[in-house]
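# Survey of secondary and tertiary structure
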There are 2 protein chains.
Amino acid sequence: MPTDLEIASQAKMQPISEIAASIGLSADDIEQYGKYKAKINLPVKETPDKKHRLVLVTSINPTPAGEGKSTILVGLGDALAKLNHQTIIAMREPSMGPVFGVKGGATGGGYSQVVPMEDINLHFTGDFHALTSANNTLAALIDNYIMRDNALGLDPRRIIWKRVEDVNDRALRNVVTGLGGLMQGVPRETGFDITPASELMAILCLSTDLMDLKRRVNQIVVGYTYQKEPVTVEQLGFADAITILLKDAIKPNLVQTLAHTPAIVHGGPFANIAHGCNSVLATKTALQLADYTVMEAGFGADLGAEKFMDIKTRALDKHPDAVVVVATVRALKYNGGAQLADLQNEDLDALQNGLKNLNRHIQNVQRFGVPMVVAINHFVSDTDAELAMITENCQSLGVNVVTADAWAKGGEGTLDLAEEVVRLADQPADFHHLYSLDQTIEEKVTTIATKVYGAARVEFSKKAKNQLKQFADRGWNDMPVCIAKTQYSFTDDQTQLGAPTDFVFHIREFVPKLGAGFVVALSGNMLTMPGLSKTPAAVKMTIDEEGTITGLF
Amino acid sequence: MPTDLEIASQAKMQPISEIAASIGLSADDIEQYGKYKAKINLPVKETPDKKHRLVLVTSINPTPAGEGKSTILVGLGDALAKLNHQTIIAMREPSMGPVFGVKGGATGGGYSQVVPMEDINLHFTGDFHALTSANNTLAALIDNYIMRDNALGLDPRRIIWKRVEDVNDRALRNVVTGLGGLMQGVPRETGFDITPASELMAILCLSTDLMDLKRRVNQIVVGYTYQKEPVTVEQLGFADAITILLKDAIKPNLVQTLAHTPAIVHGGPFANIAHGCNSVLATKTALQLADYTVMEAGFGADLGAEKFMDIKTRALDKHPDAVVVVATVRALKYNGGAQLADLQNEDLDALQNGLKNLNRHIQNVQRFGVPMVVAINHFVSDTDAELAMITENCQSLGVNVVTADAWAKGGEGTLDLAEEVVRLADQPADFHHLYSLDQTIEEKVTTIATKVYGAARVEFSKKAKNQLKQFADRGWNDMPVCIAKTQYSFTDDQTQLGAPTDFVFHIREFVPKLGAGFVVALSGNMLTMPGLSKTPAAVKMTIDEEGTITGLF
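Residues numbered from 1 in each chain as written. Chains lettered and ligands numbered in written order. Predicted model: local features only at pLDDT ≥ 70, side-chain atom pairs only at ≥ 80, totals over all residues. Heavy atoms only, no water.

### A look at the pairing of strand β21 (residues 481-484) of chain A
All names here are of chain A. Burial of the side chains of β21 extends over both faces: V481 and I483 are buried on one face and C482 and A484 on the other. In terms of strand pairing, β21 meets strand β23 (residues 518-523) through four bridges, oriented parallel. Looking at the pairing, V481 lines up with V519 of β23. (Buried < 20%, exposed > 50% of the residue type's maximum accessible area, 1.4 Å probe, protein only. Helix = DSSP H or I, 4+ residues; strand = E, 2+ residues; numbered from the N terminus. Pairing = 2+ DSSP bridges.)

### Regarding the relation of the copies chain A and chain B
In the superposition of chain A on chain B (RMSD 0.0 Å, axial shift 0.0 Å), the rotation amounts to 180°. Considering both components of the superposition, the chain copies are consistent with a two-fold axis. Judged by C-alpha distance, Y33 of chain A is the residue of chain A that lies nearest the rotation axis, at 2.1 Å. Interface overlap between copies is the fraction of interface residues in one copy that are interface residues in the other; for chain A against chain B it reaches 100%, indicating a shared surface. (Least-squares fit on C-alpha atoms with pLDDT ≥ 70 in both. Contact = heavy atoms within 4.5 Å.)

### Structural notes on the environment of A90 of chain B
Residues and elements named next belong to chain B. For A90, the location among the structural elements is in strand β4 (residues 87-91). Owing to a relative accessible area of 0%, A90 belongs among the buried residues under this scheme. A90 has contacts with L73, I264, N278, T293, V294, M295 and E296, leaving out every residue within four places of it along the chain.

### Focus on the pairing of strand β17 (residues 322-327) of chain B
Residue and element names in this part refer to chain B. Buried residues dominate β17, accounting for six of its six residues. Here β17 shows a buried face lined by A322, V324 and V326 and a second buried face lined by V323, V325 and A327. Sheet topology places strand β3 (residues 53-59) next to β17; five bridges connect them, and they run parallel. Residue S59 lies in a different strand from β17, and its bridge partner there is V326. Of the pairings in the sheet, the one linking β17 to strand β18 (residues 372-377) comprises five bridges and is parallel in character. Bridging from a neighbouring strand, A327 pairs with I376 of β18.

### Points about the pattern of salt bridges
With the rule as written, the count across this model stands at 54 salt bridges over all chains. Of the charged contacts, one joins R163 of chain B and D143 of chain B as a salt bridge, the two residues approaching to 2.7 Å between their closest N and O atoms. Of this pair, R163 of chain B sits in strand β8 (residues 163-165) while D143 of chain B sits in helix α6 (residues 127-147); the two residues are 20 residues apart in sequence, bridging distant segments of the chain. The pair R163 of chain B / D143 of chain B is uniform in exposure class, with both members buried. The residue K214 of chain B makes a salt bridge to D240 of chain B at a minimum N-O spacing of 2.8 Å. Of this pair, K214 of chain B sits in helix α8 (residues 210-219) while D240 of chain B sits in helix α10 (residues 239-245), and the two are 26 residues apart along the sequence. An identical accessibility class is assigned to K214 of chain B and D240 of chain B; each is buried. Residues joined in a network through salt bridges with shared partners are E118 of chain A together with K247, D248 and K251 of chain B. (Salt bridge = Lys/Arg side-chain N within 4 Å of Asp/Glu carboxyl O.)

### Concerning the packing of aromatic side chains
Residue and element names in this part refer to chain A. Applying the stated criterion across every chain yields a total of eleven aromatic pairs over all chains. The rings of F460, F471, W476 and F510 are connected pair by pair, giving a single aromatic cluster. One Lys or Arg, K485, reaches over the ring of Y453 and ends 4.9 Å from the middle of that ring. (Phe/Tyr/Trp six-rings, centres within 6.5 Å; stacked < 30°, edge-to-face > 60°. Lys NZ or Arg CZ within 6 Å of the ring centre and 35° of its normal.)

### Quick word on helix α15 (residues 384-395) of chain B
Residue and element names in this part refer to chain B. Over its twelve residues, α15 extends 16 Å from the first C-alpha to the last, a length consistent with the 16 Å expected when each residue adds 1.5 Å. What α15 keeps buried is the set E386, L387, M389, I390, N393 and C394. Along the axis of α15, the buried residues cluster in a sector spanning 155°; they form a single face. Of the residues in α15, the exposed ones pointing more than 90 degrees away from the buried face are D384 and E392. The secondary structure elements touched by the buried residues of α15 are α13 (329-335), α14 (348-367), β18 and β19 (400-404). (Expected span 1.5 Å × (residues − 1). Arc of directions from axis to C-beta.)

### A few points about the UniProt feature "binding site: ATP" (unreviewed entry) in chain A
Residue and element names in this part refer to chain A. Here the UniProt-annotated "binding site: ATP" (unreviewed entry) positions come out as T63, P64, A65, G66, E67, G68, K69 and S70. Within the secondary structure, A65 sits in the loop between β3 (53-59) and α3 (69-82). Setting aside its immediate chain neighbours within four residues, A65 contacts R330, A331, L340 and L343. Once residues lying within four places of it in the same chain are set aside, the contact partners of S70 are M91, A106 and G108. (UniProt positions renumbered as here; feature names shortened; annotations may be inferred.)

### Section: the side chain of D78 of chain B
Residues and elements named next belong to chain B. Within the secondary structure layout, D78 lies in helix α3 (residues 69-82). K82 provides the closest opposite charge to the buried, salt-bridge-free D78, at an N-O distance of 7.9 Å. With residues near it in sequence (within four places) discarded, D78 still touches Y111, T257, A259, T261 and G411. (Lys, Arg positive; Asp, Glu negative; His and termini not counted.)

### So, the nonpolar core
L358 and F510 of chain A together with L358 and F510 of chain B are the most contacted members of the largest nonpolar core, which totals 278 residues. What F510 of chain B contacts, discounting residues up to four positions off in sequence, is I441, V445, F460, A464, Q467, L468, F471, V519, V520 and A521 of chain B. Residues L80, A263, V373 and A404 of chain B belong to the second largest nonpolar core, which totals 33 residues. (Core = buried A, V, L, I, M, F, W, Y, C linked by side-chain atoms within 4.5 Å.)

### Regarding the packing of α3 of chain B against helix α17 (residues 415-425) of chain B
Residues and elements named next belong to chain B. As a packed pair, α3 and α17 sit with axes 8 Å apart at the nearest point and diverge in direction by 75°. In this view, α3 runs roughly perpendicular relative to α17, as classed from their interaxial angle. Of the residues in α17, those touching α3 at I72, L76, A79, L80 and K82 are L415, L417, A418, V421 and V422. Its residues placed into classes, the contact of α3 with α17 shows nine nonpolar, no polar and one charged. (Axes fitted to C-alpha atoms, helices over the stretch in contact; angles between N-to-C directions. Parallel < 35°, antiparallel > 145°, perpendicular 65-115°, else oblique. Nonpolar A, V, L, I, M, F, W, Y, C, P; charged D, E, K, R; others polar.)

So, in structure tokens, the structure goes:
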């Protein structure tokens, strides 16, 4: 069996100018980055006579068994294209930190991949680097400000703007900066987040154009004065410089699948510690040019899909016309208590038990009022009895199940799913958000935790309670909430698989992100900077004189 | 008078594929980054029947009055092209930190500019970002290593590998990382340098191919064990991952001048705190394809040119065929004691005094045995008497003076200089390094300080003396020395202009850079991370909805 990297390396890609031409973009509409990557100049002209349908691909809670959500996403896009629908895939850019940490790339697998995969998983077109630079330039300007006249009286102990890096660097979680004496800055405690968790990443992903981005940068609260008044970037006058650093990063990136379906890969917030969706501009651009835009949201439907529905649709001004929830027999059995080593054996008890996880995700998606289908990413070890059990289970909830073999067969193995998606997207939707913006932050968190996660109630820490009061006083209630939560469980404890009930969900702290336009609620012990494992992926990588890489994926 | 940015924005650039074709590179030889930037795939085939001449452009000590070295560099390249010589300009990539700090771009000025200047001065093709990522990935791997089994016994207090950012961020000079308890790493004192001062930047600039880069990365000493034994990247097994992150950054970048002369802009170490030359691969590639390769070295001839001669030529295996020393009447008067506000007035006394600075640079360049010329970058305020004084002074040292008007007239204003350079480059050179590699580090530093800088003697701090002994014990004497020194003075005190004599030069510390292949000697109070000024350039920048930028340069 060839590896994903081997399959990807043997691919014959089409010049990106031809991919662009296939969706009506001329040479002047794009900026090439090498032969197989391009940035799309904005705005694009809407192609008339297209269906402009949006399909969201999400999944059950991720497990070490693998769900293959990206693989199904790509296979579905290729299948829709095979059925002669103009199709564009929209997905997030991978973060480089995890590539050198624990896992491989995030560009699909087997014969359902987006390419050039090495480039996309490494520096790509530099968007993450632009965000890192912009974020840290702002941090340097703030530290310089407090060392100089500090006219606004910004309290060094109350600066909430952190630096970022796209590296898994545990040692930067908590640092003291500005040491060394009078001329080296003002000493203070701070820390680094990973770039995909940064507010600028969220801003890039939610902005509708460059001036909206600048408006949002102006609204960022970087900290508080000694009088506890919030200080914004607008008050400091740094927004234009930061916007200049992001003027190219805001343009969506165009690549292709192995089957030459256009893919717009742009923006990369994590779905656990951030809002988990590719950029509004990527989705909008795809929608303008295609019959079907097939996009993913990160991790399970409790995280990425909920945040897509409650945060991103508000900026996108468009809801999905159909949702695909990806599951595997193996991952369901794992959620039902089976051991990783036993997943190739039929186990109807574990499956029955694990279906509770799927069912909660189904009910959650149904809550938003959009037509849906469950896609089973097929493995050779799946038995007929197992597949029948899933189908019967889902049909009792009014949802069809379609098996897809995107890894081994690409779009050809995903045609049935594509046909069901076409059928669903033509059905009327009755879309609504989970909560309205005029609810309080506390009510919003409680709504998500009790309805989507299944918690009995939410416990707010003393700090979080104080913040709720402060935020209300400051008029910051009107924003959606972005909950930072483990992706492995509906609860805030990553070991609780399946569909736990009757649990308490813990919020320890809020972070206001007024530029992004949401409030982050940190649950459990979620960290916004990952670490490296005992044996990081980095130590197994090789590169030879031809530039050939092994061990990256 | 239009600004540099206005002139650059109005330029009609040629597609980069045409610029490539003009030096014999096909579409397969380059990777386009937008329409006007490309990376050159290596190796290129040498074009037969070319003269393969190398011209180095350097200057007197920089002053606030401005020398226009880059402007002369670009004008000279354009003039040589006008004279029908196949010419390629080679220069460094600008660092983004200073762009948002105190100064504008580094791509020439007026009608002698390299374009697209906004792109080159901002993210360009991502080389600096790749270096930052690679550097900080290595730092994260090291901190992860000491938190895990730390089999080699690497002493957290003796780790010398620092993190970097391409941001002027004073507050990161001295930091404590790894705070927060057992699971957040090992607390230790460390700091950040600016990316252009990093060892990886030097490695990128001195490597002759990707495997040479990997070999050099393996040789990096990251710190010492509790037994004070050096620990290399090779021992840790991280070199391949770091090399993977630099596989595209090692490829030289191709752009053009306003007059469409090809320019290879690649690598960007500062010349004060680093070795200050563009990459060996950029110069080598240009030499293979052109009659004349015109390159610059950073700051004055005491820094960039000395380091070019003693460090870079050893990796490049080629010495310059001619050297141009750039000066202005204004800057010479400033060096001679005139005030900035008075520089437009004729002042023969100040000029006479300031010529001492030029003369020491002339004598230094002559020491290397290469034909040279002094280029006066012409300003309207220059008087005939002043120009005559300079000419007479230089002729007494056996050096011709040519006036050039590259800013206002581009290559047309630099034809006389080009003709003199052609004449000089055909003359035999008697090139020799300033010191041989088998001298001790102490002897090398003393040679540079007394011969080039004019110091009476060198005073080494206690720490530096200890290091000299340790380095000798470890067999680290065989490397060139890279002195970190203020660019404004021959001394280690930036206020001492002109050509001071009889001063003591102070070395406070050495930093071994075995991957780069040199030892850094920190003089005076030179810092390897700049800070921002009271009113950073960033606060004056604007960007509008069309993406039009003001205040950047």
